[in-house]
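# Close look at the chain arrangement
If you want the building blocks of each chain, they are given just below.
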Amino acid sequence: MKNILVPIDFSDNADKVISAAKIICRHTGAKMTILHVSQPYIPDISIPLAGSTIAMYEEIDKEHDQRLLEFVHALHQEGLEADSRREQGAIPGVVLEIAAELSAELIVVGRTGSGTFLDKLFGSNATVIALDSKCPVLVIPHGVETLSFDKMLYATQLEYEEIPVLKEMKKLALALRAKLNFIKINGGDQPNIHVDQDYIDDITKEFNLEDTEIVIKDAPTVIEGLLAYYEQIGANLLVVASRPRGLLEQYLTNPSMTKKLVLNTQHPILVYHLRKQ
């Protein structure tokens, strides 16, 4: 891993997001780019624009530049390679654009507070980034207290070809010296279409596992069962794979489990992306 993009908003969660990125950088030698995206100021044309208003926005920009420099300086002091950027525009679009420009192999982003009704319907910035990114996205929720990524829990669906994602995850787990755990939850809210054993064979071969090391449990809902098992084994990083979905499926017939998790869980979640073959 060479490049990690870390968008921050200078909220209370920014320090946790950078701390999470530091863990990855220390284990992989990756360079960290801290990005702040601000909304462009659009004046109300019916109200005269005072010089003091312009000066206020210029001062805010200067303050943000200074804080970015301080973050980068602190990272350099810790022996990590880092730089920063400040851009304007719609946050998810700019983040994904810069990630593509930098060929980022991971985005580490924070989620502040709880998802509102509109967040749940349309998706928060973190959710949009996590679902639309071409590279994996690590989401750090506001409520997380301690950060450590040495016990990963991968939520396999056993419904789709996951080997490309598993290979990426295996590399990261090795770099982090993390133990990998596998769980399949049979929940009443998700269909179980394919024969599990076909996909279990693929996973056990890739990771040199016994069938019994892929735990299968029943639960009222997938998320309920997943989070219960996460806490039962003391995991500290939840890993999921998101797949492309049609508009009808996305909003009505089968809303994304990944979206629900990103919006609501208080645990760090790493989102990989299953691509259409």
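In this report, we go over the structure that sits alongside the text.

Reading the values: the criteria
- Residues numbered from 1 in each chain as written.
- Predicted model: local features only at pLDDT ≥ 70, side-chain atom pairs only at ≥ 80, totals over all residues.
- Heavy atoms only, no water.
- Helix = DSSP H or I, 4+ residues; strand = E, 2+ residues; numbered from the N terminus.
- Expected span 1.5 Å × (residues − 1).
- Salt bridge = Lys/Arg side-chain N within 4 Å of Asp/Glu carboxyl O.
- Buried < 20%, exposed > 50% of the residue type's maximum accessible area, 1.4 Å probe, protein only.
- Pairing = 2+ DSSP bridges.
- Axes fitted to C-alpha atoms, helices over the stretch in contact; angles between N-to-C directions.
- Contact = heavy atoms within 4.5 Å.
- Parallel < 35°, antiparallel > 145°, perpendicular 65-115°, else oblique.

## Regarding helix H1 (residues 14–28)
Taking 1.5 Å as the rise per residue, H1 with 15 residues should run 21 Å; its terminal C-alpha atoms sit 21 Å apart, in good agreement. Within two residues after H1, Gly-29 carries a phi angle of roughly 75 degrees, on the positive side.

## Quick notes on the pattern of salt bridges
Under the counting rule described, the total for this entry stands at seven salt bridges. For Glu-78, the salt bridge identified is with Lys-22, shortest N-O distance 3.0 Å. Here Lys-22 lies in helix H1 and Glu-78 lies in the loop between helix H2 (51–77) and strand E3 (82–88), a separation of 56 residues in the sequence. The salt bridge involving Arg-26 is made with Glu-78; its shortest N-O contact spans 2.4 Å. With a gap of 52 residues between them, Arg-26 in helix H1 and Glu-78 in the loop between H2 and E3 connect regions that are remote in the sequence. The exposure class of Arg-26 is partly exposed, given its relative accessible area of 48%. A network of salt bridges, in which partner residues are shared, links Lys-22, Arg-26 and Glu-78.

## A short note on the environment of Ala-173
Assignment of secondary structure puts Ala-173 in helix H6 (residues 163–176). A C-alpha to C-alpha distance of 8.9 Å links Ala-173 and Lys-151, two positions 22 residues apart in sequence.

## What to know about the sheet that holds strand E10 (residues 269–273)
One open sheet holds the ten strands; their spatial order is E3-E2-E1-E4-E5-E10-E9-E6-E7-E8, and the pairing between them is mixed. Of all the strands in the sheet, just E3 and strand E8 (214–219) have a single pairing partner and so form its edges. Put simply, the sheet's adjacent strands are angled 25 degrees from each other on average, direction ignored. Taken together, the three bridges between strand E6 (residues 151–155) and strand E9 (residues 237–242) define a ladder with parallel strand orientation. Residue Leu-153 lies in a different strand from E9, and its bridge partner there is Leu-238.

## A word on the side chain of Ser-38
Mapped onto the secondary structure, Ser-38 falls in strand E2 (residues 31–38). Setting aside anything within four residues of it in sequence, one finds Ser-38 in contact with Glu-87, Gln-88 and Gly-89.

## Let's talk about the side chain of Asn-181
Here Asn-181 shows up in strand E7 (residues 179–187). Apart from residues no more than four positions distant in its own chain, Asn-181 is found in contact with Lys-151, Met-152, Leu-153, Tyr-154 and Ile-233.

## Some details on the packing of H1 against H6
Where H1 meets H6, the axes come as close as 8 Å, and the angle between the chain directions of the two elements is 85 degrees. Comparing their axes, H6 and H1 come out roughly perpendicular. Each of Ile-23, Ile-24, His-27 and Thr-28 in H1 lies in contact with H6, whose residues at this interface are Leu-172, Ala-175 and Leu-176.

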